[in-house]
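Now for the letters of each chain:
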Amino acid sequence: MNTPTHLLVAAAALAKRDAPVRNTAVVVAAVLPDLSIFVLYFWARIVERLPSREIWRNVYWQEPWQTLSAISNSIPLWLLVCVAGLLLRRPVVAVVGGAALLHVLLDLPVHASDAHVHFWPFTDWRFHSPLSYWDRSHFGNWVSLAEAVGGIALTVILARRFQSLWVRAGLVLACSAYVLVPAYFVYSLGG
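So, a few notes on the structure that sits alongside this text. Quantities reported herein were computed from a predicted structural model and do not represent experimental measurements.

## Brief notes about the packing of aromatic side chains
Phase 1 of the analysis: Using the criterion set out here, one finds 6 aromatic pairs in the structure.
Phase 2 of the analysis: Taking 6.3 Å as the distance between ring centres and 40 degrees as the angle between the ring planes, the aromatic pair formed by tryptophan 125 and phenylalanine 127 counts as tilted.
Phase 3 of the analysis: A relative accessible area of 47% places tryptophan 125 in the partly exposed class.
Phase 4 of the analysis: An aromatic cluster is defined as three or more aromatic residues linked by ring pairs; in this entry it consists of Tyr41, Trp56, Tyr60 and Trp61.

Below, the structure is given as structure tokens:
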């Protein structure tokens, strides 16, 4: 799934009115599993000046990026954070674990050839789903359409829950990803 969808899902499931610390934790944690990918892209594109095609077809599959991705997408790791927060009665820690866990659990069924190592450190096995959120040869057109519809529905729900102009502007920005991300990949990867 695209990162903005993870933000919307986590916010819909875990954010509450008048809980700014909790809600900040939800937003940050919803992004954490993808953080290594953002760092990789920034480093490869801005510092190394590599073309996007090279980044996604080669560099992404090299170390240390695969290990960092395995750690940040680890179901056992985020489950441990969530349980520790609950046992220690630290709700913000539990929410961090919960938001990141939601992210990796929702990624599991929509990554085909680009599957993550979701059970690090116990195994390096990858579940190669028959579905992909982007790859047309794995129903990516349909999955991305379903993701966009779900994301727009979550945006409406969250806009009703939160009246703040800043939150609503963020929601519009998140929804813009359903147009901008596919446009970027079509442009940068040539279709």
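This is not the end of the story, as more comes after the structure.
## Observations regarding the environment of alanine 99
Phase 1 of the analysis: Of note, alanine 99 is situated in helix H7 (residues 91-107).
Phase 2 of the analysis: In this structure alanine 99 comes out as buried when scored by relative accessible area, which is 1%.
Phase 3 of the analysis: Through-space distance from the C-alpha of alanine 99 to that of tryptophan 78 is 8.7 Å; in sequence the pair is 21 residues apart.
Phase 4 of the analysis: When sequence neighbours within four positions are dropped, the list of residues in contact with alanine 99 reads Ala10, Leu14, Val26, Ala29 and Ala30.

## Here's the deal with unusual backbone geometry
Phase 1 of the analysis: The step from glutamate 63 to proline 64 runs through a cis peptide bond, and the omega angle for that step is 5 degrees.
Phase 2 of the analysis: Examined against the element boundaries, proline 64 turns out to sit in the loop between helix H4 (52-57) and helix H5 (65-72).
Phase 3 of the analysis: Located in the positive-phi region is phenylalanine 139, a residue other than glycine, with phi close to 65 degrees.
Phase 4 of the analysis: Along the chain, phenylalanine 139 turns up in the loop between H7 and helix H8 (140-161).

## Structural notes on the side chain of serine 132
Phase 1 of the analysis: Structurally, the position occupied by serine 132 is in the loop between H7 and H8.
Phase 2 of the analysis: Relative accessible area serves as the criterion here: at 1%, serine 132 is assigned to the buried category.
Phase 3 of the analysis: Within polar-contact distance, the side chain of serine 132 engages the backbone nitrogen of tryptophan 134 at 3.1 Å.

## Describing the environment of arginine 45
Phase 1 of the analysis: Within the fold, arginine 45 resides in helix H3 (residues 35-47).
Phase 2 of the analysis: Counting along the chain gives 38 residues from arginine 45 to valine 83, while the straight-line C-alpha distance between them is 37 Å.
Phase 3 of the analysis: Excluding residues within four positions of it along the chain, arginine 45 makes contact with Leu50, Pro51, Ser52 and Ile55.
Phase 4 of the analysis: A polar contact is formed between the side chain of arginine 45 and the backbone oxygen of leucine 50, at a distance of 3.0 Å.

## Some words on the side chain of histidine 103
Phase 1 of the analysis: The residue histidine 103 is located in helix H7 in this model.
Phase 2 of the analysis: Judged by relative accessible area, histidine 103 falls into the buried class, the value being 1%.
Phase 3 of the analysis: At a separation of 2.7 Å, a polar atom in the side chain of histidine 103 contacts the main-chain carbonyl oxygen of alanine 30.
Phase 4 of the analysis: Among the polar contacts made by the side chain of histidine 103, one reaches the side chain of aspartate 34 at a distance of 3.2 Å.
Phase 5 of the analysis: In contact with histidine 103, other than residues within four places in its own chain, are His6, Ala30, Pro33, Asp34 and Asn73.

## Brief notes about the packing of helix H1 (residues 3-14) against H7
Phase 1 of the analysis: Between H1 and H7, the least distance of the axes is 10 Å, while the angle of their chain directions is 130 degrees. Here H1 lies oblique to H7, going by the angle between them. The way H1 lies across H7 gives a crossing that is right-handed. Residues His6, Val9, Ala10, Ala13 and Leu14 of H1 form the contact with H7, whose own contacting residues are Val95, Gly98, Ala99, Leu102, His103, Leu106 and Asp107.
Phase 2 of the analysis: Each residue belonging to the contact of H1 with H7 can be placed in one class, and the counts come to 8 nonpolar, 3 polar and 1 charged.

Procedures and definitions
- Residues numbered from 1 in each chain as written.
- Predicted model: local features only at pLDDT ≥ 70, side-chain atom pairs only at ≥ 80, totals over all residues.
- Heavy atoms only, no water.
- Phe/Tyr/Trp six-rings, centres within 6.5 Å; stacked < 30°, edge-to-face > 60°.
- Buried < 20%, exposed > 50% of the residue type's maximum accessible area, 1.4 Å probe, protein only.
- Helix = DSSP H or I, 4+ residues; strand = E, 2+ residues; numbered from the N terminus.
- Contact = heavy atoms within 4.5 Å.
- Polar contact = N/O pair within 3.5 Å; in protein donor to acceptor, adjacent residues only side chain to side chain.
- Axes fitted to C-alpha atoms, helices over the stretch in contact; angles between N-to-C directions.
- Parallel < 35°, antiparallel > 145°, perpendicular 65-115°, else oblique.
- Left-handed = near helix turned anticlockwise from the far one by under 90°.
- Nonpolar A, V, L, I, M, F, W, Y, C, P; charged D, E, K, R; others polar.

Any functional reading would require information beyond the geometric quantities listed.
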